[in-house]
Amino acid sequence: MDRPYIICHMLTSLDGKIIGDFLNEDRTAYFIQAYEEIDERYECKAWMCGRITMEEHFTQGNTLELKSEDILAIPRMDYVAQKTAKSYAVAVDPSGKLGWTTNSISKVNDDQTGDHIIEVLTEQVPDAYLNHLRQLGISYIFGGKDKLDFNLVVKKLKSVFSIDELLLEGGGFVNGSLLSQGLIDELSLILVPIADGASKSVTLFETGAYLQNSQPVNFFLKSIEKLDDDGLWIRYLTKKSN
Ligand SMILES: NC(=O)c1ccc[n+]([C@@H]2O[C@H](COP(=O)([O-])OP(=O)(O)OC[C@H]3O[C@@H](n4cnc5c(N)ncnc54)[C@H](OP(=O)(O)O)[C@@H]3O)[C@@H](O)[C@H]2O)c1
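Chemist: Help me get a handle on the overall build of the chain, residues and values and all.
Modeler: Looking only at helices and strands, the chain features five helices and 10 strands. Taking 18 Å as the expected radius of gyration for a compact globule of 242 residues, we find that the chain reaches 18 Å, a close match to that expectation. Oriented by its inertia axes, the alpha-carbon framework of the chain measures out at about 60 × 40 × 35 Å. Sequence-distant contacts, at least 24 apart, represent 75% of the contacts inside the chain between residues at least 6 apart. Accessible surface computed for the chain: about 12600 Å², of which carbon and sulfur atoms make up 49%. When the 24 basic and 36 acidic side-chain charges of the chain are each reduced to a single mean position, those positions are 8 Å apart.

Chemist: Would you mind going over unusual backbone geometry in detail, with residue names and values included?
Modeler: At the junction of G170 and G171, the peptide bond is cis and its omega measures out at -5° in the coordinates. Among the structural elements, G171 can be located in the loop between β7 (165–168) and α5 (172–180). The phi dihedral of D70 falls on the positive side, at around 65°, and the residue is not glycine. Mapped onto the elements of the fold, D70 is located in the loop between α2 (51–59) and β3 (88–92). For D230, which is not glycine, the phi torsion reads 70° and is therefore positive.

Chemist: Account for the site of the ligand, naming residues and giving values.
Modeler: As a matter of local geometry, the ligand sits amid 24 residues, with L11, R51, T53, E56 and F173 nearest to it. Separating an oxygen atom of the ligand from a backbone N or O atom of G171 is a distance of 3.1 Å. Note that an oxygen atom of the ligand is positioned 2.9 Å from one of the backbone N or O atoms of G172. Considering the ligand on its own, with 920 Å² of exposed area, one finds that the protein chains cover 88% of that surface. Every element with two or more residues in the shell around the ligand is listed here: β1 (5–12), α2 and α5. With five residues, α2 is the single largest residue contributor to the shell around the ligand.

Parameters at a glance
Residues numbered from 1 in each chain as written. Predicted model: local features only at pLDDT ≥ 70, side-chain atom pairs only at ≥ 80, totals over all residues. Heavy atoms only, no water. Helix = DSSP H or I, 4+ residues; strand = E, 2+ residues; numbered from the N terminus. Rg over C-alpha atoms; globule rule 2.2 N^0.38 Å. Contact = heavy atoms within 4.5 Å. Areas by Shrake-Rupley, 256 points an atom, 1.4 Å probe, with all protein chains shown as cover. Lys, Arg positive; Asp, Glu negative; His and termini not counted. Charge placed at Lys NZ, Arg CZ, Asp CG, Glu CD. Near = heavy atom within 4 Å. Polar contact = N/O pair within 3.5 Å; in protein donor to acceptor, adjacent residues only side chain to side chain.

Listed below in structure tokens is the structure:
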């Protein structure tokens, strides 16, 4: 395969929400821990999240004040700061909004080796942002001129960084983008036995304005495991296994 095998690993309420008050219920802490443990079990070299998720969990909304004067035009070519990192965090950030201050993320605990950051950009990103990423030693790849093509993005992850397996970890808009391009091979779902009930919160797969249309996608059961406290770990494939 000329792209990584892609596993979408997510935790949802019974009504398919990925955010909401159900996350603050006492019971949910156990399922969040199960989510993290299963994430580790996959032993993937790389994981991917959308700009909003990265902002909420990893840059904490930090904004950059970048000066554009005296910055020379930077060619729109991929920039590889670390080709042989042990692990990678891939950030889908089409216009360069994420306020990174280091080039790696310690995802679970601080004493872990950091996951080297790869930014996924469009060519519309300002030169000052590219300059900032280069100064920090953050890698970046271009996924399109003004729109992201995830086929191109994931092929580059394989050919440039030798990523054979990728955990796609939300949010709903980035999941929906890869789903609509037929790029999800497996769904790993931690189902929390709580109905959130909110009508507007983000669900597992969403369709952003950047997508033409969305088609139903079929899934086929691979395995199901009962978790404690009535939760489930459900694994589905998008191709029938023989
Ligand atoms: N329950 C779980 O397992 C789980 C896992 C992960 C995240 N979450 C939660 O999910 C929430 C965020 O989800 P979300 O769906 O709102 O946001 P998201 O998917 O994290 O990020 C969406 C952003 O990514 C960029 N993007 C995604 N697809 C794109 C495409 N096809 N073309 C161009 N840009 C694209 C856009 O950035 P720009 O706006 O910059 O253009 C878009 O606004 C957070 O609250 C997070 O905590 C839950």
